[in-house]
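# Chains, contacts and geometry: an overview
These are the residues of each chain, in order.
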Amino acid sequence: MFKSAYRLAKHGTADLPIQVRSTGYYRVWDGWRDRAIRKNFLELFWCVSGSGEFTLEDGTSLILQADQCCCYFPGDCHRIQALNKFEYYWITFDGPRCTELIKTFSLERKAWNAGVCPRELFVKLGSEIRKPGIAGEIKSSATGYELLIRAKTPDCAQDTMLVEKFISIIETQFDNADLTVEQIADDLGIHRSTLVRNVENICGESPQQYLTELRMKHAMDLLHDQELSVKEIAARTGFSSANYFGKVFLRTFGKTPTEMRKTAISDTQ
């Protein structure tokens, strides 16, 4: 089974320093061989299942197995042979900065463990690359770059998923005054320090800072409702004490809730 998609260059080019040239999916039988072709672009292979052998013209070879990636560089001529019901996705890159891309991601002509193949990203890429025009080229290049990041940092997807769960929890429970970082970590089944490290790496701030900023954002929105008292706003944004709410609000915005409400009213008049 073969599926491929190629950039529609005839519809114009975005002239990006690095672009996705093509992508595809192969599911082939034992013993299948792809003819040797010299390719003037960077190509990444991501094995879904089975295994295959990649051989360069100098005779060096490597075995690619499930959840592994490998790549070949511009100018390489290689042959692929399926060893065991070989199933894999591939993506190619070109552009004037392609050599720098290889150095940036420390790509080598060898197989490495990359984790489960993100099929959804390859499917998305196939759809984007078929779209004519510059917008399609930009989107496909961004998705291609994301695939490279996933291939070289297999833990990245898991960490991102963890942070997404954290954000989902606080967005639905920020009004709960008993909600703490420790409780969220327990709910996620991880240590508090693990949650803190992942949130800081991806969001650039601690879980507590993220939660506080979210509460302050909602508090600012609620201040426009003249019927709500500051005490009620505090309760609706997860603060059991109106006094503490006021201190956090002042520290965040430089004004008390009452002062901020007066400013908002005068601005609308």
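Our structure's up above, just so we're on the same page.
A brief report on the enclosed structure follows. (Residues numbered from 1 in each chain as written. Predicted model: local features only at pLDDT ≥ 70, side-chain atom pairs only at ≥ 80, totals over all residues. Heavy atoms only, no water.)

### What about the overall build of the protein chain?
Test applied: Think of it this way: any DSSP run of H or I at least four residues long counts as a helix, any run of E at least two long counts as a strand, and we number them from the N terminus. Our radius of gyration is a C-alpha quantity, and the globule rule it is checked against amounts to 2.2 Å times the number of residues to the power 0.38. Burial status follows relative accessibility: with a 1.4 Å probe on protein chains alone, a residue under 20% of its type maximum counts as buried, one over 50% as exposed, and anything between as partly exposed. Every residue pair with non-hydrogen atoms within 4.5 Å of one another is taken to be in contact. Values of accessible area rely on a 1.4 Å probe in the Shrake-Rupley scheme; residue burial ignores everything except the protein chains shown.
Within the protein chain, the regular secondary structure consists of ten helices and eight strands. In terms of overall dimensions, the protein chain is more spread out than a globule: its C-alpha atoms have a radius of gyration of 26 Å, far above the 18 Å expected for 269 residues. Counting only C-alpha atoms and orienting by the principal axes, one finds that the protein chain spans roughly 75 × 45 × 30 Å. Scored against the burial criterion, the 269 residues of the protein chain give a buried share of 41%. Residue pairs in contact within the protein chain that sit at least 24 positions apart in sequence constitute 71% of those at least 6 positions apart. Of the roughly 14500 Å² of accessible surface on the protein chain, a fraction of 50% belongs to carbon and sulfur atoms.

### Structural notes on the packing of helix 7 (residues 207-222) against helix 9 (residues 242-253)
For clarity, the threshold we go by: In this description, a line fitted to the C-alpha atoms serves as the axis of each element, helices being fitted only across the stretch in contact, and the angle between N-to-C directions of two axes falls anywhere from 0 to 180 degrees. Each angle gets one of four labels, with under 35 degrees taken as roughly parallel, over 145 as roughly antiparallel, 65 to 115 as roughly perpendicular, and the rest as oblique.
The N-to-C vectors of helix 7 and helix 9 enclose an angle of 95°; their axes lie 11 Å apart at closest approach. By the angle between their axes, helix 7 is roughly perpendicular relative to helix 9. Contacts from Thr-212, Met-216, Ala-219 and Met-220 of helix 7 reach helix 9 at Phe-245, Val-248, Phe-249, Thr-252 and Phe-253.

### Some remarks on helix 2 (residues 119-129)
To keep it simple, the criterion reads: Arc definition: it is the arc formed by the directions from the helix axis to the C-beta atoms.
Residues Leu-121, Phe-122, Leu-125, Gly-126, Glu-128 and Ile-129 constitute the buried set of helix 2. One side of helix 2 holds all its buried residues, which, seen down the axis, span an arc of 165°.

### What to know about the pattern of salt bridges
Heads up, the rule is: Salt bridge, as used here, is a side-chain nitrogen of Lys or Arg placed within 4 Å of a carboxyl oxygen of Asp or Glu.
Taken as a whole and judged by the stated rule, the model has ten salt bridges. When the shortest N-O distance is used, the salt bridge between Glu-100 and Arg-97 registers 2.9 Å. Judged by its relative accessible area of 40%, Glu-100 is partly exposed. The class for Arg-97 is partly exposed, based on a relative accessible area of 38%. For Lys-124, the salt bridge goes to Glu-128, with nearest N and O atoms at 4.0 Å. In this pair, Lys-124 and Glu-128 both sit in helix 2, four residues apart, roughly one turn of the helix.

### A look at the packing of aromatic side chains
The condition that has to hold: Two aromatic rings, drawn from Phe, Tyr or Trp (for Trp, its six-membered ring), form a pair once their centres lie within 6.5 Å of each other, and the interplanar angle then sorts them: stacked below 30 degrees, edge-to-face above 60, tilted otherwise. Look at NZ for Lys and CZ for Arg. If either is within 6 Å of the ring centre and within 35 degrees of the ring normal, a charge sits over the ring.
Following the criterion strictly, the structure yields 18 aromatic pairs and no others. Taking 6.4 Å as the distance between ring centres and 75° as the angle between the ring planes, the aromatic pair formed by Phe-45 and Tyr-72 counts as edge-to-face. Pair noted here: Phe-45 is in strand 4 (residues 42-56) and Tyr-72 is in strand 6 (residues 68-72), with a separation of 27 residues, a long-range link. Put simply, the rings of Tyr-26, Trp-32, Phe-45, Phe-54, Tyr-72, Phe-86, Tyr-88 and Trp-90 touch in pairs and so form one group of aromatic residues. Across from the ring centre of Trp-112, 4.5 Å away, lies the NZ or CZ of Lys-152, which sits over that ring. Above the face of the Phe-239 ring, Arg-215 is positioned so that its terminal group lies 5.7 Å from the ring centre.

### With respect to the pairing of strand 6
Heads up, the condition is: A strand pair is defined by DSSP finding two or more bridges across the two strands.
Within strand 6, five of the five residues are buried, which leaves the element mostly enclosed by the surrounding structure. A two-sided burial pattern is seen for strand 6, the buried positions comprising Gln-68, Cys-70 and Tyr-72 on one face and Cys-69 and Cys-71 on the other. Across four bridges, strand 4 lies against strand 6 in antiparallel orientation. From the neighbouring strand, Trp-46 faces strand 6, where its bridge partner is Cys-69. Both strand 6 and strand 8 (residues 112-113) contribute to a ladder of two bridges, which runs antiparallel. Bridge pairing in strand 8 links Cys-69 to Trp-112.

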